[in-house]
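# Fold and contact review
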Amino acid sequence: MENNNIASLTSSKLSPDVKHVTQLKNDSTKKYLLYMFMTSAIICVFVVAGDSIMQHIQQFWSTSGEFWQSVWLLVYETLDGDPWKIGVYGTLVVITVPYWILASLLLFVDVTGRPSFIVQYKVQPEKNSPVCLVKLRKAILTVLFNQTVLNLCLIPVVYPVFIWRGVNLTPELPSFHWAVIHLAAFVLIEEIGFYYSHRLLHHPMLYKHVHKVHHEWTAPICIISLYSHPVEHIVSNMLPPLLGPLLMGSHMAIAWLWFVMALYSTLLAHSGYHLPFLPSNEAHDFHHQTFMNNFGVLGLLDHIHGTDKLFMESKAYQRHFTSLSLTPVLHQVPDDPKIKPQ
């Protein structure tokens, strides 16, 4: 009885901040248990109906496979089936053109503030409204330097290593199953490569001289996803995505698909807009605001190493979900009301 009274007394004397943190941790635990339940349910569905699901997917792939095969053959023949042209020139185009397509669209929104339908989804609405044109000009020039001078030096050097590893440059595309296996491996390999290289760049010595350039933007915009010091561009921007196809000895078509996926992933993470029906960018936006936590892409290694604790106690974590509503997440999960000092 006495112990219960003491426990009750101790609980009643907890400060509001401690209670708030405890509540957040409990909510976080519930959320992870929910994720585990959902993951288990999905696995059970695949175990029970896996063959049927894969059969339907395979039929879709077979139907569209002829189209993708014809596209790849067109590219292959345009480049004369020359491994050097495909591996170097083709790769340079693939890692440059898609980047500017999406970056230019969101850059227009950043500069003009239109359409307002998109602007309402800003993660930090008080920042970059409008964007500083002097900073923007510097960022664009740096990105162009990284994509031309540095990539033109890096890709021809990496190409012979790809050939040595056995990267496939044949005119025939791989099977659907093979493509899925390789893409899944790429995601995990990039998570490992990016997490540890990114965390290393936050070492005081490297941060001061290298990574600080990227963090000049505390409220990121799409274009600055490749705005970085040359060392960071090679070590953290380029090598982690390249490692997967290199280690797996993949077909170049799968590698190109992966490069576009990785580019769009980092563009959305830096976009500054939490758009409906797209993956949340709250985690990386939080990283730019605080310079700490959330060093990875998936968040898997952050959770293992405990480098997401501050994030999990923040309002940004409560907004870290794919929104299926047109209502901005800032309105779905509003800021706590500010208490006026008396």
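Residues numbered from 1 in each chain as written. Predicted model: local features only at pLDDT ≥ 70, side-chain atom pairs only at ≥ 80, totals over all residues. Heavy atoms only, no water.

### A word on the overall build of the protein chain
- Within the protein chain one finds 15 helices and zero strands.
- Taken across its 342 residues, the protein chain has 41% of its residues classed as buried.
- In the protein chain, 74% of the contacts between residues at least 6 apart in sequence involve partners at least 24 apart.
- Approximately 19,500 Å² of the protein chain is accessible, and the part contributed by carbon and sulfur atoms is 70%. (Helix = DSSP H or I, 4+ residues; strand = E, 2+ residues; numbered from the N terminus. Buried < 20%, exposed > 50% of the residue type's maximum accessible area, 1.4 Å probe, protein only. Contact = heavy atoms within 4.5 Å. Areas by Shrake-Rupley, 256 points an atom, 1.4 Å probe, with all protein chains shown as cover.)

### Side note on the side chain of Asn237
- On the secondary structure map, Asn237 appears in helix 9 (residues 230–248).
- On the basis of relative accessibility, which here comes to 15%, the residue Asn237 falls in the buried class.
- At 3.1 Å, the side chain of Asn237 and the side chain of Ser228 are in polar contact.
- Those residues in contact with Asn237 that sit more than four places away from it in its chain are Ser225, Leu226, Ser228 and Glu232. (Polar contact = N/O pair within 3.5 Å; in protein donor to acceptor, adjacent residues only side chain to side chain.)

### What to know about the nonpolar core
- Grouped together as the largest cluster of nonpolar side chains are 54 residues, with contacts concentrated most on Trp72, Ile86, Tyr99, Ile223, Met252 and Phe259.
- At the level of secondary structure, the elements contributing two or more residues to this core comprise helix 2 (16–78), helix 3 (83–94), helix 4 (97–112), helix 6 (133–165), helix 7 (176–201), helix 9 and helix 10 (252–269).
- Sorting elements by how many residues they give to this core places helix 10 first, with ten residues.
- Setting aside residues up to four positions removed in sequence, Trp72 forms contacts with Ile86, Thr170, Pro171, Glu172, Leu173, His251, Met252, Ala253 and Trp256.
- Grouped together as the second largest cluster of nonpolar side chains are six residues, Ala283, Phe311, Met312 and Ala316 included. (Core = buried A, V, L, I, M, F, W, Y, C linked by side-chain atoms within 4.5 Å.)

### As for the pattern of salt bridges
- One pass over the structure, following the stated rule, counts four salt bridges.
- Lys85 is the salt-bridge partner of Asp80, the closest N and O atoms lying 2.8 Å from each other.
- Among the residues examined, Asp80 registers a relative accessible area of 56% and is labelled exposed.
- On the basis of relative accessibility, which here comes to 26%, the residue Lys85 falls in the partly exposed class.
- When the shortest N-O distance is used, the salt bridge between Asp336 and Lys315 registers 3.0 Å. (Salt bridge = Lys/Arg side-chain N within 4 Å of Asp/Glu carboxyl O.)

### Quick notes on the confidence of the model for the protein chain
- For the protein chain, mean pLDDT is 86; residues scoring 70 or higher make up 80% of the total.
- Per-residue pLDDT stays below 50 along residues 1–18; that stretch engages in three contacts with residues further than four places along the chain or on separate chains. (pLDDT = per-residue confidence, 0-100.)

### Focus: helix 6
- For helix 6, built from 33 residues, the straight-helix expectation of 48 Å at 1.5 Å per residue is met to within 8% by its first-to-last C-alpha distance of 44 Å.
- In the structure, helix 6 departs most strongly from a straight axis at Asn151, where the bend amounts to approximately 45°.
- Looking one or two residues beyond helix 6, the residue adopting positive phi is Gly166, at roughly 95°. (Expected span 1.5 Å × (residues − 1). Bend = angle between axes of the 7 residues up to and from the residue.)

### A word on the packing of helix 4 against helix 6
- Here helix 4 crosses helix 6 at 175°, and the two axes come no closer than 14 Å. When the axis of helix 4 is compared with that of helix 6, the two are roughly antiparallel. Contacts between helix 4 and helix 6 involve Tyr99, Trp100, Leu107 and Val111 from the first element and Leu136, Ile140, Val143, Leu144 and Gln147 from the second.
- The residue inventory of the contact of helix 4 with helix 6, partitioned by class, reads eight nonpolar, one polar and no charged. (Axes fitted to C-alpha atoms, helices over the stretch in contact; angles between N-to-C directions. Parallel < 35°, antiparallel > 145°, perpendicular 65-115°, else oblique. Nonpolar A, V, L, I, M, F, W, Y, C, P; charged D, E, K, R; others polar.)

### A short note on the packing of aromatic side chains
- Evaluation of the coordinates by the stated rule reveals twelve aromatic pairs.
- Arranged with centres 5.4 Å apart and planes meeting at 70°, the rings of Trp72 and Trp256 form a pair that is edge-to-face. Highlighted residues: Trp72 in helix 2 and Trp256 in helix 10, separated in sequence by 184 residues.
- For Trp72, a relative accessible area of 5% corresponds to the buried category.
- Ring centres of Tyr207 and Phe291 lie 6.4 Å apart, and the angle between their planes is 55°; on these two criteria the pair is classed as tilted. Taken as a pair, Tyr207 in helix 8 (residues 204–209) and Phe291 in the loop between helix 11 (282–290) and helix 12 (300–305) lie far apart in primary sequence, 84 residues in all.
- Aromatic ring contacts, followed pair by pair, group Trp72, Tyr76 and Trp256 into a single cluster.
- Cation over ring: Lys135 sits above Trp217, and NZ or CZ is 4.2 Å from the ring centre. (Phe/Tyr/Trp six-rings, centres within 6.5 Å; stacked < 30°, edge-to-face > 60°. Lys NZ or Arg CZ within 6 Å of the ring centre and 35° of its normal.)

### Description of the packing of helix 3 against helix 6
- Viewed as axis vectors pointing N to C, helix 3 and helix 6 meet at an angle of 145°, and their least axial separation amounts to 10 Å. Helix 6 is crossed by helix 3, and the crossing has right-handed handedness. Contacts between helix 3 and helix 6 involve Pro83, Trp84, Gly87, Val88, Thr91 and Leu92 from the former and Asn151, Leu152, Ile155, Pro156 and Tyr159 from the latter.
- Within the contact of helix 3 with helix 6, the residues separate by chemical class into eight nonpolar, three polar and no charged. (Left-handed = near helix turned anticlockwise from the far one by under 90°.)

### A few points about a nonpolar patch on the surface
- Together, Leu188, Val297, Leu298, Leu300 and Ile304 make up a nonpolar patch on the protein surface, roughly 460 Å² of accessible area in all.
- Position of Leu188 relative to the elements: it lies in helix 7.
- On the accessibility criterion, Leu188 (47% relative accessible area) is partly exposed. (Patch = residues over 30% accessible without salt bridge, like charges linked within 9 Å, V, L, I, M, F, W, Y side chains within 5 Å.)

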